[in-house]
Amino acid sequence: DQQVKQNSPSLSVQEGRISILNCDYTNSMFDYFLWYKKYPAEGPTFLISISSIKDKNEDGRFTVFLNKSAKHLSLHIVPSQPGDSAVYFCAASGNTNAGKSTFGDGTTLTVKP
Amino acid sequence: DGGITQSPKYLFRKEGQNVTLSCEQNLNHDAMYWYRQDPGQGLRLIYYSQIVNDFQKGDIAEGYSVSREKKESFPLTVTSAQKNPTAFYLCASSIQGGHTEAFFGQGTRLTVV
């Protein structure tokens, strides 16, 4: 049973608009959540994270929102740029070692010029 | 520059042969991980190591083996017992303990024919 789900395999937005990527989880023991960005044939790179004690974390154009009661988090990218086109993975960790994470299947974001 | 190096980037092997994927890091991280990615899917944890000379099975360890004789190195052997070895393999490392992100290598694409 998949514990981290990204229900949208793909998302297409216009340059300058907002991109919203969603992630749901089922394991209540998860207390740290990360978003990674991945280009084809490369390893993922860390983008932004949030601890379960917070409901929002912002870093430049990227904001992650966490709704613990709904077991849902989302990544907002504003404004979206063509260089943001990549696969975005949501990951969740339930212990102190966040490198050992459970990943979603990813959402492919395409930002059109 | 600090980072994680995986080699080779592409690897071809005949069915029934064991093959070892290399992973080296100079980030001075205690924890290291091996993930597998299949098309359209997220990353699944094969093995992880939190300290030298110690490692634990992840979610899909069957058909794989690892060693951790040095802090910098965490090689993965894909044995002939692995039913579907063709995949993209990613090595990662992180600080041991605490909420922190993982740093990934560029990956090795293994194709078994």
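Now for a description of the structure that goes with this document.

About the thresholds
Residues numbered from 1 in each chain as written. Chains lettered and ligands numbered in written order. Predicted model: local features only at pLDDT ≥ 70, side-chain atom pairs only at ≥ 80, totals over all residues. Heavy atoms only, no water. Helix = DSSP H or I, 4+ residues; strand = E, 2+ residues; numbered from the N terminus. Buried < 20%, exposed > 50% of the residue type's maximum accessible area, 1.4 Å probe, protein only. Contact = heavy atoms within 4.5 Å. Areas by Shrake-Rupley, 256 points an atom, 1.4 Å probe, with all protein chains shown as cover. Disulfide = S-S within 2.5 Å. Buried area = accessible area lost by both parts, 1.4 Å probe. Salt bridge = Lys/Arg side-chain N within 4 Å of Asp/Glu carboxyl O. Polar contact = N/O pair within 3.5 Å; in protein donor to acceptor, adjacent residues only side chain to side chain.

## Side note on the overall build of chain A
No. 1: Within chain A, the regular secondary structure consists of 0 helices and 11 strands.
No. 2: Each helix and strand of chain A, ordered N terminal to C terminal, gives the series β-β-β-β-β-β-β-β-β-β-β.
No. 3: Dimensions of chain A, computed from C-alpha atoms along their principal axes, come out at roughly 40 × 30 × 20 Å.
No. 4: Taking all 113 residues of chain A together, the buried fraction comes to 45%.
No. 5: In chain A, 55% of the contacts between residues at least 6 apart in sequence involve partners at least 24 apart.
No. 6: Carbon together with sulfur atoms contributes 49% to the accessible area of chain A, which is approximately 5,200 Å² in total.

## Examining the state of the cysteines
All names here are of chain A.
No. 1: Under the definition given, this model contains 2 disulfides over all chains.
No. 2: Shown here is the disulfide that connects Cys-23 with Cys-90, its sulfur atoms set 2.1 Å apart. Between Cys-23 and Cys-90, the S-S torsion sits near -75 degrees, and that sign places the bridge as left-handed. Residue Cys-23 is found in strand 3 (residues 19-25), and its partner Cys-90 is found in strand 9 (residues 86-93); the two are separated by 67 residues along the sequence.

## What to know about the interface of chain B and chain A
No. 1: Listed as interface residues are 26 residues of chain B and, on the opposing side, 21 residues of chain A.
No. 2: Together, the buried faces of chain B and chain A total about 1,800 Å²; carbon and sulfur atoms form 55% of this surface.
No. 3: Summed over the shared surface of chain B and chain A, the result is 0 salt bridges.
No. 4: Between the two partners, chain B and chain A, sit 5 residue pairs in polar contact (both at pLDDT 80 or more).
No. 5: Sorting the residues of the side of chain B that touches chain A by element identifies strand 4 (31-37), strand 5 (43-51) and strand 9 (87-94) of chain B as the ones contributing at least two each.

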